[in-house]
Amino acid sequence: MSMRGIRGAITVDANEATPILEATIELLDAIVEENGTRPEDICSVFITVTPDLDATFPASAIRRMAGWELVPLMCSVEIPVKGGLERCIRLMVHVNTDATQAEIRHVYLGEAVKLRPDLSSAR
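The rules behind these values
- Residues numbered from 1 in each chain as written.
- Predicted model: local features only at pLDDT ≥ 70, side-chain atom pairs only at ≥ 80, totals over all residues.
- Heavy atoms only, no water.
- Helix = DSSP H or I, 4+ residues; strand = E, 2+ residues; numbered from the N terminus.
- Rg over C-alpha atoms; globule rule 2.2 N^0.38 Å.
- Buried < 20%, exposed > 50% of the residue type's maximum accessible area, 1.4 Å probe, protein only.
- Contact = heavy atoms within 4.5 Å.
- Pairing = 2+ DSSP bridges.
- Axes fitted to C-alpha atoms, helices over the stretch in contact; angles between N-to-C directions.
- Salt bridge = Lys/Arg side-chain N within 4 Å of Asp/Glu carboxyl O.
- Disulfide = S-S within 2.5 Å.
- Core = buried A, V, L, I, M, F, W, Y, C linked by side-chain atoms within 4.5 Å.
- Polar contact = N/O pair within 3.5 Å; in protein donor to acceptor, adjacent residues only side chain to side chain.

(A) Examining the overall build of the chain more closely. If you tally the helices and strands in the chain, you get 2 helices and 5 strands. Reading the helices (α) and strands (β) of the chain from amino to carboxyl end gives β-α-β-α-β-β-β. The globule rule puts the C-alpha radius of gyration for 123 residues at 14 Å, and the 14 Å found for the chain is close to it. In the chain, which comprises 123 residues, the proportion classed as buried is 41%. Long-range pairs, those at least 24 residues apart, make up 84% of the contacts in the chain with a sequence separation of at least 6.

(B) Spotlight on the sheet that holds strand E5 (residues 107-108). On the basis of which strands lie adjacent, the open sheet formed by 5 strands has the order E3-E2-E4-E1-E5 and mixed pairing. The sheet is open, and its two edges are formed by strand E3 (73-77) and E5, each paired on a single side. Bridge count between strand E2 (residues 42-49) and E3: 5 bridges; the pairing is parallel. Residue pairing for E3: Val45 is matched across the bridge by Leu73. Running at roughly 35° to strand E4 (residues 88-97), helix H1 (residues 17-35) makes contact with strand E1 (2-11), E4 and E5 of the sheet.

(C) Examining the pattern of salt bridges more closely. Scanning the entire structure with this criterion turns up 6 salt bridges. Across the pair Glu86 and Arg87 runs a salt bridge whose closest N-O atoms are separated by 3.6 Å. One salt-bridge network, in which partners are shared between bridges, spans Arg38, Glu40 and Asp41.

(D) Spatial organisation of the pairing of E2. Inspection of the sheet shows E2 paired to E4 by 7 bridges, in the antiparallel sense. Within the sheet, the bridge partner assigned to Phe46 lies in E4 and is Met92.

(E) Inspection of the pairing of E4 at higher detail. Burial analysis of E4 places 7 of its 10 residues in the buried class, which makes it a mostly covered element. With 10 bridges joining them, E1 and E4 adopt antiparallel strand pairing. What sits directly across from Gly5, in E4, is His94.

(F) Seen up close, the state of the cysteines. One pass over the full model with this rule turns up 0 disulfides. Just so you know, Cys43 is unpaired, no disulfide at all, and the nearest cysteine sulfur is the one on Cys75, 18 Å from it. Among the cysteines around Cys75, which has no disulfide bond, Cys88 carries the closest sulfur, lying 14 Å off. Classification of Cys75 by relative accessible area gives partly exposed; the value is 29%.

(G) Just the nonpolar core, in detail. Core analysis: the biggest nonpolar cluster contains 29 residues, and Leu28, Val45, Ile62, Trp68, Ile89, Leu91 and Val93 have the highest contact counts within it. With residues near it in sequence (within four places) discarded, Trp68 still touches Leu28, Val32, Pro39, Ile42, Val45 and Ile62.

(H) Summary view of the side chain of His106. Residue position: His106 is located in the loop between E4 and E5. Of the residues examined, His106 reaches a relative accessible area of 11% and is grouped as buried. Among the polar contacts made by the side chain of His106, one reaches the main-chain amide nitrogen of Arg7 at a distance of 2.9 Å.

Okay, structure coming up:
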């Protein structure tokens, strides 16, 4: 078994707690579904947000999800690159899996598909 990183990103329309929390859950649910993972397979989740999202901690949404209480979570602010995608939440999910690197399914939703169209799954 190896540890793999699963990447994902999603955008929100507003810097408000509810859209940020809902988008975080939507993205994590999609990553889990696409890769057939369970919380007990997850080593940790690293979460970044663009500097324009400061209404809440996205990790608080994950902490409320059943089975995710013991998964280590960490939030950070994304590097503020000029011209970068705004109002974006990114996840790096570290998972124990037998899947090969090529079998990992990365998930990009909303405007975030622009970040890595080569890795985005057709949704």
